[in-house]
Amino acid sequence: MYHSVCFSLIAISTFCGPAVFADPKSEDRNPKTYSLQELISLAIEDNGTITEGRWRVRGATARLDEAKAAGILPKLRLESSSGLVPDAEGDIFNPPSDTSGLRPVGAFNRTELQFVQPLFTFGYLRSLQDAASAGIEVQKSSLAGNEVALGLQVKELYYGLLTAQDLAEMVERLINELQEHQSSVSFDNPSIPLSGPYKLQLALFELKRRHHQALNQVILAQSALTWTVGLPEDTPLRLQAEWLEPVNTQIPELDTLFGLAVLHRPDWRKLRAGIAAKQALHDAAKKAFLPQVYLAGGIRYAIAPNRTDQHNPFVKD
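Procedures and definitions
Residues numbered from 1 in each chain as written. Predicted model: local features only at pLDDT ≥ 70, side-chain atom pairs only at ≥ 80, totals over all residues. Heavy atoms only, no water. Pairing = 2+ DSSP bridges. Helix = DSSP H or I, 4+ residues; strand = E, 2+ residues; numbered from the N terminus. Axes fitted to C-alpha atoms, helices over the stretch in contact; angles between N-to-C directions. Patch = residues over 30% accessible without salt bridge, like charges linked within 9 Å, V, L, I, M, F, W, Y side chains within 5 Å. Areas by Shrake-Rupley, 256 points an atom, 1.4 Å probe, with all protein chains shown as cover. Salt bridge = Lys/Arg side-chain N within 4 Å of Asp/Glu carboxyl O. 1 Å grid on protein atoms, 1.4 Å probe; cavity = no way out; pocket = protein on both sides within 12 Å on 5 of 7 lines; lining within 4 Å. Points joined across faces, edges and corners; volume = space filled by probe spheres on them. Nonpolar A, V, L, I, M, F, W, Y, C, P; charged D, E, K, R; others polar. Buried < 20%, exposed > 50% of the residue type's maximum accessible area, 1.4 Å probe, protein only. Contact = heavy atoms within 4.5 Å. pLDDT = per-residue confidence, 0-100.

### Considering the sheet that holds strand β2 (residues 75–86)
- Spatial strand order, β2-β3-β5: three strands in an open sheet with antiparallel pairing. Each edge of the open sheet carries a strand with a single partner, namely β2 and β5 (293–303). Strand-to-strand twist across the sheet, computed as the mean angle between neighbouring axes with direction ignored, equals 10°.
- Pairing of strand β3 (residues 105–120) with β5, which is carried by 11 bridges, proceeds in the antiparallel orientation. Each residue of the ladder has a partner; that of glutamine 114, found in β5, is glycine 298.

Dropping the structure here:
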């Protein structure tokens with residue numbers, strides 16, 4: 001008799017809606033309701049690993065721009081040196097009267113500009129550009145993989161919180177139902193064994209213990225989800241979904257799943273892009289041994305106001 005009563009109460013409690021376990025002051029603060037997609041977006045926006053991945057994509061894009069510019073724009077090199085030199089006035093026909101001892105010093109500067117413009121590199125620069133393009137895909141795939149992993153973690157915490165709330169609510173309602181029927185289970189009823197009331201009392205004690213554990217799990221799940229999505233610790237978290245709902249889905253054929261995985265899984269995309277990048281770098285290393293046609297030139301300018309400029313090429317300055 002006792003077991004049949006418990007079974008019927010559990011069946012009744014299963015269909016009852018779950019309660020929302022939140023801070024008692026959250027009603028006054030009118031907490032925001034978060035959907036699963038909003039929580040995933042918050043987590044992706046504030047995650048340090050995701051931010052680092054985005055910067056890595058920008059770095060790979062900059063390397064591609066650098067590789068493209070190398071085939072169009074010339075390489076420039078500017079050198080400038082300055083210092084102090086002793087005075088040297090005069091020329092071969094009017095040499096300085098005194099070249100010994102200490103002489104006044106003055107400043108000098110020499111600036112040189114050189115440029116190299118590639119004309120034909122036998123595909124060397126093209127291979128570098130291909131490697132840089134594949135490097136961008138590597139970083140994008142890595143970023144996508146981190147986003148998928150983070151989204152999966154948020155989903156696990158989200159549905160784990162819903163499960164904990166449902167279980168805590170079910171246990172609470174079961175306790176209330178048993179307490180309502182506790183008065184009908186007495187020693188005066190001849191159809192109930194003598195141990196029946198004691199068993200019911202023990203069952204209530206056990207349910208209250210489990211209810212306390214379930215509430216702790218709810219608090220723990222809320223804290224974990226709040227921390228993962230990057231919300232402040234004291235933010236009241238209220239989920240848009242009120243309870244777990246069954247999901248109807250159709251599982252495709254194995255070959256279809258395998259084809260989708262090969263095409264869309266970030267780790268497979270990263271692997272293919274990494275192989276392409278290494279192959280392009282291998283080609284560039286081989287083509288680096290081929291001759292390169294380029295146009296080079298430069299200009300140099302030097303000045304020393306305390307020295308006479310010698311125009312005779314046979315005179316050593």
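Read on, since the account is not over.
### Section: a nonpolar patch on the surface
- A contiguous nonpolar patch, built from Leu76, Leu78, Leu113, Phe115, Leu119, Phe120, Phe122, Leu290, Val293, Leu295 and Ile299 and spanning about 1100 Å² of accessible area, is present on the exposed surface.
- At the level of elements, β2, β3 and β5 are the ones that each hand at least two residues to the nonpolar patch.
- Residue contributions to the nonpolar patch peak at four residues, all from β3.
- Here isoleucine 299 shows up in strand β5.

### Focus: the layout of surface pockets
- Here the largest pocket is characterised by a volume of approximately 570 Å³.
- Lining the largest pocket are 23 residues, and of these Ala67, Ala70, Tyr124, Leu125 and Leu128 lie nearest its centre.
- Broken down by secondary-structure element, the contributors of at least two residues to the lining of the largest pocket are α4 (48–70), β3, α5 (124–181) and α8 (266–287).
- Element by element, the count of residues in the lining of the largest pocket is highest for α5, at eight residues.
- A class-by-class count of the residues in the lining of the largest pocket yields 15 nonpolar, four polar and four charged.

### Description of the environment of isoleucine 92
- You can see isoleucine 92 is positioned in the loop between β2 and β3.
- The class for isoleucine 92 is exposed, based on a relative accessible area of 52%.
- Separated by 223 residues in the primary sequence, isoleucine 92 and valine 315 place their C-alpha atoms 7.5 Å from one another.
- Once residues within four sequence positions are removed from consideration, isoleucine 92 is found in contact with Gln310 and Val315.

### Side note on the confidence of the model for the protein chain
- Taken as a whole, the protein chain shows an average pLDDT of 81; of its residues, 83% reach a score of 70 or greater.
- Looking over the protein chain, one finds the lowest element-wise mean pLDDT in helix α1 (residues 2–14), namely 35, and the highest in α8, namely 93.
- The model gives residues 1–28 a pLDDT under 50, and that stretch makes 40 contacts with residues more than four places away or in other chains.

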